[in-house]
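Now for the letters of each chain:
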Amino acid sequence: MACNDDKPEDSNPTEPAIVHSQGVTDTQIVIGNTAVTGGALGFVGAPFKAGMEAYINMVNANGGVLGGRLIRLVHYSDNFDGEQGFTYTQRLVEVDKVFAMVGHFGTPTVAATAEYLDTLGVPRVYYGTGTSLVYEENATGNAKASFPVQPVYEYEGRLMGARAVDTFGAQKIGLIYTANENGNEIKAGLEAIATELGVEIVAAQVAGNDYAAAALAVKDAEVDVVVLGMNQWAAQNGLLTLLAVGNTKPTLISYVGADASVIDAVKGVLGQFDVYANAWVNTIDEEGAATAEFLLYQQEIKKAYPEYENNSFAIAGWIAAMVFVQGLERMDETEAITWANFIAAMESEEFIYNLGSPLDFRNGQRTGTQILSLLKMELEEDLAYFSIVEDMESVDDIVARINE
């Protein structure tokens, strides 16, 4: 009897399974971040994480993404410490097997993990920092896996200088800055625009925790405007020290300090001098009403974190999760969910997320937001808040007006 090696007609070979990148199964997509969520610095990281969770919970409650996959966030608190941040980042990538880092948070951790993540090519969507380490005008290779959203400090320094000249007519700008990435990069940007516009900078570096000497040096120089080149925690000390030394000049702080928690700590200065902050998030439409996206944010954040209804750090966390999910939603459900396909989706078109200016990652642009508004701290009786005094503009917009 002859041997028949033919397979039965009903035993067609199985289609090969689609191979996804790590962190992706048929039911979920795992993402991760580390951020300081406790202690003295937790007032930034805790609401940021809450904003991310609010958006993710909404997406999951509505059926998830890419064929019903739920998003799972794995988070560790790194105490704003780069060494801890690196350890937790390794755990997220190598043990938890996250698909992407979303809301990669804090200058120390971002700096400590930049080479590690770039070497592996792990997608990073939104950095909770403005360090220029994340800035690329024409990213190639694994650098294309990086998607900064917040403004970069050096760019903001240029913006602060342009606004000091345009809004306040400054010819001599005082700069008080800290000896870290925040301060040095804002200083670099401010000095660059000052050279371009032909104005003088009087710079004084904070020595350790002693803000008084720098504040006095700037005050005694009789500057027209004071710029604080520092993060939100240091800015509180800077503003209170300026109050103590008798400053009366308008003072500009970074966008990272444009939050109610900062106002509450420093509102005593408002009777003596005006305080302004840049802002890249916009919650108000052209008619002065809350945008639909902001109302949606408020609706969702109140379900678990009502205390963050108007918290700018929580709104930033919401944006981080939103941009990541919008990138996923651009992908084809029938194709592999891989890092390469995700990067291509992120680069495919502009992001219009209705809480700030559009983002454009096309052609390797990794420059963060470059259009910001100017806010002023206001105080009515015991209520402190920010009002908008200059609309969303870029440095080029302001410089063009100065040169008219």
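Throughout, a residue's number is its position along its own chain's written sequence, starting from 1. Residue-level local features of this predicted model are given only where pLDDT is at least 70; pairs of side-chain atoms are given and counted only at 80 or more, and the full residue set underlies all totals for whole chains, interfaces and linings. As a rule here, side-chain values cover all heavy atoms of the structure and leave hydrogens and water aside.

Visitor: Could you clarify how one ought to interpret the pattern of salt bridges in this entry?
Guide: Two side chains that carry opposite charge are able to pair once their charged atoms sit near each other. One speaks of a salt bridge when a side-chain nitrogen belonging to Lys or Arg is within 4 Å of a carboxyl oxygen belonging to Asp or Glu. This structure, assessed with the given rule, holds 13 salt bridges. Glu 191 is paired through a salt bridge with Lys 187; the nearest N and O atoms lie 2.9 Å apart. Highlighted residues: Glu 191 and Lys 187, both in helix 5 (residues 181-197), separated by four residues, approximately one helical turn. On the accessibility criterion, Glu 191 (30% relative accessible area) is partly exposed. Taken together, the shared-partner salt bridges connect Arg 163, Asp 166, Glu 393 and Arg 401 into one network. Numbering goes from the N terminus for both helices and strands, where a helix is a DSSP run of H or I of at least four residues and a strand is a run of E of at least two. For each residue, the accessible area found with a 1.4 Å probe, counting protein chains only, is set against the maximum for its type, and the residue is called buried under 20%, exposed over 50%, and partly exposed in between.

Visitor: What's the story with the sheet that holds strand 2 (residues 70-76) in this structure? I'm lost.
Guide: The pairing of strands in a sheet happens through backbone hydrogen bonds and is either parallel or antiparallel. Pairing within the open sheet is parallel, and its five strands lie in the order 2-1-3-4-5. The sheet is open, and its two edges are formed by strand 2 and strand 5 (146-147), each paired on a single side. DSSP-based pairing: two strands are paired if at least 2 bridges between them are found. As defined by bridge partners, strand 3 (residues 100-105) adjoins strand 4 (residues 124-128) across four bridges and the pair is classed as parallel. Following the sheet pairing, Met 101 is matched in strand 4 by Arg 124.

Visitor: How should I be thinking about unusual backbone geometry in this particular structure?
Guide: Excluding glycine, a negative phi dihedral is what most residues carry, and trans is how most peptide bonds are arranged. One non-glycine residue, Asn 354, adopts positive backbone phi at about 60°. Examined against the element boundaries, Asn 354 turns out to sit in the loop between helix 11 (339-346) and strand 11 (372-380). Residues other than glycine seldom take positive phi values, yet Asn 363 does so here, at roughly 55°.

Visitor: Can you walk me through the pairing of strand 2 in this structure?
Guide: Strand 2 sits mainly inside the fold: five of its seven residues count as buried. With seven bridges joining them, strand 1 (residues 28-34) and strand 2 adopt parallel strand pairing. Bridging across to strand 2, Thr 34 finds its partner in Tyr 76. Place the viewer so that the strands point away; then a crossover is right-handed whenever the path from the first strand over the helix to the second strand goes clockwise. With helix 1 (residues 42-61) bridging strand 1 and its parallel neighbour strand 2, the resulting β-α-β unit is right-handed.

Visitor: Quick question: what am I supposed to make of the side chain of Asn 182 here?
Guide: Summarising the element assignment, Asn 182 is placed in helix 5. In this structure the side chain of Asn 182 is engaged in a polar contact, spanning 3.0 Å, whose partner is the side chain of Tyr 153. Two residues form a contact once any of their heavy atoms are found within 4.5 Å. Contacts of Asn 182, omitting those with residues within four sequence positions, involve Thr 107, Tyr 153, Gly 229, Met 230 and Asn 231. Throughout this description, a polar contact denotes any pair of N or O atoms lying within 3.5 Å of each other; where both atoms belong to protein, one of them has to be capable of donating a hydrogen while the other can accept it, and for residues adjacent in sequence the pair is counted only when both atoms sit in side chains.

Visitor: Explanation requested: the packing of aromatic side chains in the structure shown.
Guide: To describe a pair of aromatic rings, one takes the distance between the centres and the angle between the planes. Two rings from Phe, Tyr or Trp (for Trp, the six-membered ring) form a pair when their centres are within 6.5 Å of each other. A pair whose planes differ by under 30 degrees is stacked, one over 60 is edge-to-face, and the rest are tilted. Across all of its chains, the model carries 20 aromatic pairs by this definition. Relative to Phe 313, the ring of Phe 43 has its centre 6.2 Å away and its plane inclined at 70°; by these criteria the two rings are edge-to-face. Pair noted here: Phe 43 is in helix 1 and Phe 313 is in helix 10 (residues 312-329), with a separation of 270 residues, a long-range link. The exposure class of Phe 43 is partly exposed, given its relative accessible area of 25%. Summarising the aromatic geometry, the rings of Phe 324 and Phe 342 are spaced 5.4 Å apart at their centres and angled 50° between planes, so their arrangement reads as tilted. Of this pair, Phe 324 sits in helix 10 while Phe 342 sits in helix 11; the two residues are 18 residues apart in sequence, bridging distant segments of the chain.

Visitor: Before we go on, may I ask you to explain the side chain of Glu 393 in this structure?
Guide: Secondary-structure assignment places Glu 393 in strand 12 (residues 383-393). When its relative accessible area of 14% is taken as the criterion, Glu 393 is described as buried.

Visitor: Where do I start with the pairing of strand 1 in this structure?
Guide: Residues in a regular strand point their side chains to alternate faces of the sheet. Across the seven residues that make up strand 1, a large majority, six, are buried. Relative to strand 3, strand 1 runs parallel, the two sharing two bridges. Note on strand 3: the bridge partner recorded for Gly 32 is Met 101.

Visitor: Quick question: what am I supposed to make of the packing of helix 4 (residues 153-168) against helix 5 here?
Guide: Working note: a packed helix pair is described by the angle between its axes plus the distance between those axes. Axis definition: a line fitted to C-alpha atoms, limited for helices to the stretch in contact. Angles are taken between N-to-C directions and run from 0 to 180 degrees. Here helix 4 crosses helix 5 at 45°, and the two axes come no closer than 6 Å. With respect to helix 5, the element helix 4 is oriented oblique. Crossing geometry of helix 4 relative to helix 5 is assigned as right-handed. Along the contact surface, helix 4 presents Tyr 153, Glu 154, Glu 156, Gly 157, Arg 158, Met 160, Gly 161, Ala 162 and Val 165, while helix 5 presents Asn 182, Glu 185, Ile 186, Ala 188, Gly 189, Leu 190, Ile 193, Glu 196 and Leu 197. Roughly parallel covers angles under 35 degrees, roughly antiparallel covers those over 145, roughly perpendicular covers 65 to 115, and oblique covers all other angles. Crossings are classed by handedness, with left-handed meaning an anticlockwise turn of the near helix from the far one by less than a right angle and right-handed meaning a clockwise turn.

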